[in-house]
Amino acid sequence: MKPFLLQFLLMLSINSYSQNNPNDITGKWMKTPKKDIIIQVYKVATEYRGKITWVGDKMKKKDIGFIILRNLKYSPDNK
């Protein structure tokens, strides 16, 4: 009974912590599982965008700077 209660309390604390700050998404993110692209997520006015800042494959260097995410908006109701 105690392990179940501990797991339950842990899950509640994780859920209440998730995405309280909408700017937590900003920064550099590496695509998995290959780890061959880094996407930088940033805020412009009220939306979030993401662009490719690093590509592991030398043949695809032309993709650097390409905006891959647009019009992302934080919705506190969808937690």
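Going by the structure above, here's the rest.
First things first, this report covers the structure right here in the doc. (Residues numbered from 1 in each chain as written. Predicted model: local features only at pLDDT ≥ 70, side-chain atom pairs only at ≥ 80, totals over all residues. Heavy atoms only, no water.)

**Points about a nonpolar patch on the surface**
Judged by side-chain polarity, Ile25, Trp29 and Leu72 come together as a nonpolar surface patch covering roughly 260 Å² of accessible area. Residue position: Leu72 is located in strand β4 (residues 67–72). A residue is classified by how much of its surface remains accessible, and Leu72, at 32% relative accessible area, is partly exposed. (Patch = residues over 30% accessible without salt bridge, like charges linked within 9 Å, V, L, I, M, F, W, Y side chains within 5 Å. Areas by Shrake-Rupley, 256 points an atom, 1.4 Å probe, with all protein chains shown as cover. Salt bridge = Lys/Arg side-chain N within 4 Å of Asp/Glu carboxyl O. Helix = DSSP H or I, 4+ residues; strand = E, 2+ residues; numbered from the N terminus. Buried < 20%, exposed > 50% of the residue type's maximum accessible area, 1.4 Å probe, protein only.)

**A short note on unusual backbone geometry**
Residue Pro33 is bonded to the preceding Thr32 through a cis peptide linkage, with omega at 5°. Here Pro33 shows up in the loop between β1 (27–30) and β2 (37–44). For Ala45, which is not a glycine, the phi torsion comes out positive at approximately 55°. Looking at the element boundaries, Ala45 is found in the loop between β2 and β3 (47–55). According to the relative accessible area criterion, Ala45 is exposed, its value standing at 67%. The backbone of Asn71 shows a phi angle near 55°, a positive value even though the residue is not glycine. On the secondary structure map, Asn71 appears in strand β4. Using a relative accessible area of 55% as the deciding quantity, one classes Asn71 as exposed.

Function-wise, these values are silent; they only describe arrangement.
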